[in-house]
Amino acid sequence: MTRIAYVNGQYVPHDEAVVHIEDRGFQFADGVYEVIAVHQGKLIDEELHMERLERSLGELSIAWPISRRSMPVVMRQVVRRNRVHNGLLYLQVTRGVAPRNHAFPDHDHSSLVMTSRPTASFDKEAIAKGVDVITVPDIRWSRRDIKSISLLPNCLSKQQAVEAGAYEAWFIDNDGLITEGTACNAWIVTKDGELLSRKADSDILNGITRQSLIKLAEKEGVSFTERAFTPDEAKAAKEAFLTSTTSFVKPVVRIDGQSVGNGKAGSLTRRLLDFYGAHMDGQA
Ligand code: PDD
């Protein structure tokens, strides 16, 4: 089956999908993106992703490439044309094509690209095996709340994790507190059973999975505190896990080689994973 990409108004074979060399996304990483899960053919938390996209675009004064109302039409077409039942939809908006000049161009023809691909379906038992993370200094800019395509520090740190045999790297800020992962939000359950995730200000991306999980925890009567924590607190925690569109709710069983709790997925993490699975099934 030929994969199809959407590029500025056209559905084209993936192999032939190209953008202009003077696209500001290519030259300046001047753009934003979203990754949305496709679960049983449905886009999960689509509205929350659209709200975050609107916010990211607004913060950078990038115009909608097509109307907000038309976006879901194209999104569904891309998923359908690629016959994705379980997988991901990627969409990227840049400030468009203009002669290279740091200041914004005086047009508002932003560029829109979308792709979709299948991934392994949501498998609770596989996820519950858990993963290792390492900690690294947070070398990113100070507007991490914007879902910018400028991801070089994230790529460098993720590569460091891979080379250390870990799944993810969690960033540590100048105050010695964990911000988030290179592509996920960080959570712990303290020895006292307190569920913690850092406040979503400009220091982290407010993950959609994070937002949904907070609502699910509240609905299920699990108390939750929004506060930052240190790597030492995380290593001494009862449980740790990470959340993202691509990883769902994934237990973290080792941090910098040190076991968290008994080195296995914790019971609250498993419960939250169950809630999240049901949340996705509910939308499918
Ligand atoms: N990344 N923090 C960062 C830095 C991220 O890049 C992501 C997601 C998250 C979690 O956000 P969400 O729950 O909305 O996926 C937090 C995506 C998946 C990526 O870059 O591929």
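In this text, all values refer to a predicted model and were calculated from it rather than measured experimentally.

1. Notes on the domain arrangement of the protein chain
Move 1: As assigned here, the protein chain comprises domain 1 (4-118) and domain 2 (124-283).
Move 2: Between domain 1 and domain 2, the residue contacts involve 27 residues of the former and 22 residues of the latter.
Move 3: Roughly 2000 Å² is buried in total at the junction of domain 1 and domain 2, and carbon and sulfur atoms are behind 59% of that figure.
Move 4: In terms of surface lost to domain 2, no three residues of domain 1 exceed Tyr-33, Asp-45 and Arg-52, which account for 30% of the buried area on that side.
Move 5: Connecting domain 1 to domain 2 are 2 salt bridges.
Move 6: Residue Arg-143 pairs with Glu-59 through a salt bridge whose shortest N-O separation is 2.8 Å.
Move 7: Connecting domain 1 to domain 2 are 11 residue pairs in polar contact (both at pLDDT 80 or more).
Move 8: Broken down by element, the side of domain 1 that touches domain 2 gets its largest block of residues, 8 residues, from strand β3 (residues 31-39).

2. Details of the site of the ligand
Move 1: Lining the immediate environment of the ligand, one finds 19 residues, of which Tyr-33, Glu-180, Ile-208, Thr-209 and Thr-245 sit closest.
Move 2: Arg-52 is positioned with one of its side-chain polar atoms (N or O) 2.9 Å from an oxygen atom of the ligand.
Move 3: In this structure, an oxygen atom belonging to the ligand sits 2.8 Å away from a main-chain N or O atom of Ile-208.
Move 4: Calculation on the ligand without its partners gives an accessible area of 470 Å², and the protein chains cover 90% of this total.

3. Regarding the pairing of strand β13 (residues 239-244)
Move 1: By the criterion of burial, β13 is predominantly enclosed, with 6 of the 6 residues buried.
Move 2: Both faces of β13 are covered, namely the face carrying Glu-239, Phe-241 and Thr-243 and the face carrying Ala-240, Leu-242 and Ser-244.
Move 3: Pairing analysis gives 5 bridges linking strand β10 (residues 185-189) to β13, with the strands arranged antiparallel. The residue bridging Ala-186 from the neighbouring strand is Leu-242, located in β13.
Move 4: Bridge count between β13 and strand β14 (residues 248-255): 4 bridges; the pairing is antiparallel. Paired with Ser-244 across the bridge in β14 is Phe-248.
Move 5: Two successive antiparallel strands, β13 and β14, enclose a turn made up of 3 residues.

4. Quick word on the side chain of Ser-197
Move 1: Structurally, Ser-197 is set in strand β11 (residues 195-197).
Move 2: Judged by its relative accessible area of 1%, Ser-197 is buried.
Move 3: Side chain to side chain, Ser-197 and Arg-210 meet in a polar contact 3.0 Å long.
Move 4: Apart from residues no more than four positions distant in its own chain, Ser-197 is found in contact with Ala-186, Trp-187, Arg-210, Phe-224, Thr-225, Glu-226, Arg-227 and Phe-229.

5. Things to note about the packing of aromatic side chains
Move 1: As enumerated under the stated definition, the model contains 6 aromatic pairs in all.
Move 2: Ring centres of Tyr-6 and Tyr-11 lie 5.3 Å apart, and the angle between their planes is 65°; on these two criteria the pair is classed as edge-to-face.
Move 3: Both rings, one in Phe-122 and one in Phe-248, keep their centres 4.9 Å apart while their planes meet at 90°; by these two values the pair is edge-to-face. Note that Phe-122 is positioned in the loop between β6 (111-118) and α4 (124-127) and Phe-248 in strand β14, a separation of 126 residues in sequence.
Move 4: Residue Phe-122 is classed as buried on the basis of its relative accessible area of 17%.
Move 5: Under the relative-accessibility criterion, Phe-248 is labelled buried at 14%.
Move 6: The ring of Tyr-11 carries the charged tip of Arg-81 above its face, separated from the ring centre by 3.9 Å.

6. A look at helix α3 (residues 71-81)
Move 1: Here α3 has its buried residues at Met-71, Val-74, Met-75, Val-78 and Val-79. Along α3, the residues classed as buried sweep out an arc of 135° about the axis, all on the same side. Structural note: α3 exposes Val-73 and Arg-80 on the side pointing more than 90 degrees away from its buried face.

7. Points about the side chain of Glu-168
Move 1: Structurally, the position occupied by Glu-168 is in strand β8 (residues 168-172).
Move 2: Buried within the structure, Glu-168 lacks any salt-bridge partner; its nearest side chain of opposite charge belongs to Lys-158, at an N-O separation of 4.3 Å.
Move 3: A polar contact of 2.9 Å, which involves the side chain of Glu-168, links it to the backbone nitrogen of Ala-183.
Move 4: If near-sequence neighbours (up to four positions away) are discounted, Glu-168 is found in contact with Asp-132, Val-133, Ile-134, Lys-158, Ala-161, Gly-181, Thr-182, Ala-183, Cys-184 and Leu-242.

Here is what the cut-offs are and how they apply
- Residues numbered from 1 in each chain as written.
- Predicted model: local features only at pLDDT ≥ 70, side-chain atom pairs only at ≥ 80, totals over all residues.
- Heavy atoms only, no water.
- Domains from an automatic or database assignment.
- Contact = heavy atoms within 4.5 Å.
- Buried area = accessible area lost by both parts, 1.4 Å probe.
- Salt bridge = Lys/Arg side-chain N within 4 Å of Asp/Glu carboxyl O.
- Polar contact = N/O pair within 3.5 Å; in protein donor to acceptor, adjacent residues only side chain to side chain.
- Helix = DSSP H or I, 4+ residues; strand = E, 2+ residues; numbered from the N terminus.
- Near = heavy atom within 4 Å.
- Areas by Shrake-Rupley, 256 points an atom, 1.4 Å probe, with all protein chains shown as cover.
- Buried < 20%, exposed > 50% of the residue type's maximum accessible area, 1.4 Å probe, protein only.
- Pairing = 2+ DSSP bridges.
- Phe/Tyr/Trp six-rings, centres within 6.5 Å; stacked < 30°, edge-to-face > 60°.
- Lys NZ or Arg CZ within 6 Å of the ring centre and 35° of its normal.
- Arc of directions from axis to C-beta.
- Lys, Arg positive; Asp, Glu negative; His and termini not counted.

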